[in-house]
Amino acid sequence: MKFRPELFLTRSPHNAALGLLLDHMGPDKVTLELPYQEKLVGDPETGVISGGAVSSIMDTACGLAVYAKLDEFRAISTLDLRIDYLRPATPRQSILVTAECYRLTRHVAFVRAIAFHRDQPEQVAHASAVFSVSALTMVEMAAKRDKNTK
Amino acid sequence: MTLSEFITSLPGDVDFDQPLECIPYAMFLGLRLRRVSGCLVTVMRFSEDLIGSPMPPAIHGGTIGALLETAAVIQTASAMAAAHLPKTIDLSIDYLRPGQPGKDCHAQAHITRMGNRFANVQVEAWQDDRSAPIALARMNLQVAGR
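Residues numbered from 1 in each chain as written. Chains lettered and ligands numbered in written order. Predicted model: local features only at pLDDT ≥ 70, side-chain atom pairs only at ≥ 80, totals over all residues. Heavy atoms only, no water.

**Some thoughts on the interface of chain A and chain B**
For clarity, the cut-off: The contact criterion used throughout is that any non-hydrogen atoms of two residues lie within 4.5 Å. Once two parts are joined, some of their accessible surface, as seen by a 1.4 Å probe, is lost; buried area is that loss totalled over both. Throughout this description, the term salt bridge denotes a Lys or Arg side-chain nitrogen within 4 Å of a carboxyl oxygen of Asp or Glu. Two N or O atoms count as a polar contact when they lie within 3.5 Å, although within protein this holds only if one can serve as hydrogen donor and the other as acceptor, and sequence-adjacent residues are included solely when both atoms are side-chain atoms. Strands here are runs of E lasting at least two residues and helices are runs of H or I lasting at least four, both read from the DSSP assignment and numbered beginning at the N terminus. As a working rule, the residues Ala, Val, Leu, Ile, Met, Phe, Trp, Tyr, Cys and Pro are called nonpolar, Asp, Glu, Lys and Arg charged, and the rest polar, with Gly in that last group. A pair of strands is considered paired only if DSSP assigns at least 2 bridges between the two.
Counting residues at the interface gives 35 residues for chain A, matched by 32 residues for chain B. With both chains or domains summed, chain A and chain B bury close to 2600 Å², and 60% of this area falls on carbon and sulfur atoms. The tally of links between chain A and chain B comes to one salt bridge. Between aspartate 90 of chain B and arginine 82 of chain A there is a salt bridge, with the nearest N and O atoms lying 3.7 Å from each other. For the pair chain A and chain B, the number of links is 15 residue pairs in polar contact (both at pLDDT 80 or more). Only helix 2 (13-18), strand 3 (41-43), helix 3 (51-70), strand 5 (74-85) and helix 4 (138-148) of chain A provide two or more residues apiece to the side of chain A that touches chain B. In terms of residue count, the dominant contributor to the side of chain A that touches chain B is strand 5 of chain A (eight residues). Considered class by class, the residues forming the side of chain A that touches chain B number 15 nonpolar, eleven polar and nine charged. Here five bridges tie strand 5 of chain A to strand 6 (residues 87-95) of chain B, and the two strands are oriented antiparallel to one another. Each residue of the ladder has a partner; that of leucine 81 of chain A, found in strand 6 of chain B, is isoleucine 93 of chain B.

Okay, here's the thing in structure tokens:
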């Protein structure tokens, strides 16, 4: 099944709850936007989006970049995710993340990502992630797991 | 009440179980702080809104990351007597097993080194089997210096 990014954002309950928006999509690169919302704030005194929300958008954007490169809904899973927090996010501003899958092997995908605010050059965070890539599609993986638990 | 005030208000010597009402994002994720047999454990109560991949269904990796990070910040703030909150510098997460829907996630942090400026913290997350963690994290936090 060919990859359709909007499905990944709307059919995933947490991505939908976060209100993630697709800003831009390329053959191996994706940009997502996390709109500012009060429920995502870490410290009400500053109004800054929580670092945990940043890790969520990083994880989603990196996974989407792998799907963009694969161009199909194969089952993938994050092996590891590293985030460097470069500076605090600006209060009351949405966060964008651009993720690029720069290497894809038969079993593994390598991704790098940056988080930033629109029209501001200073970056909020850097991330790198490694994903395992299955030969199975998501549907086949789900059927296999169901079979194993019966 | 700020997170700092919340941590200093925690009863010193009895077990407790409280939601993290001072942090909107923690309430969005359904996080609670418990002291169980003297140890602080952060719990993410399961809800359908935590699911990332719908097929096969699994808890969103970002929420697990947030749970790990919150546990580390609270453990470190508690050790600092929460004079002010530590700041996350970096975070490295290994995802070992998928987070299964329908089950709560738990995280416990351990400070491996508390320095004057930086703390190094390791965190484990699990669901119903502590010996089969779903994720591990390692973080460096800045504890002093503005």
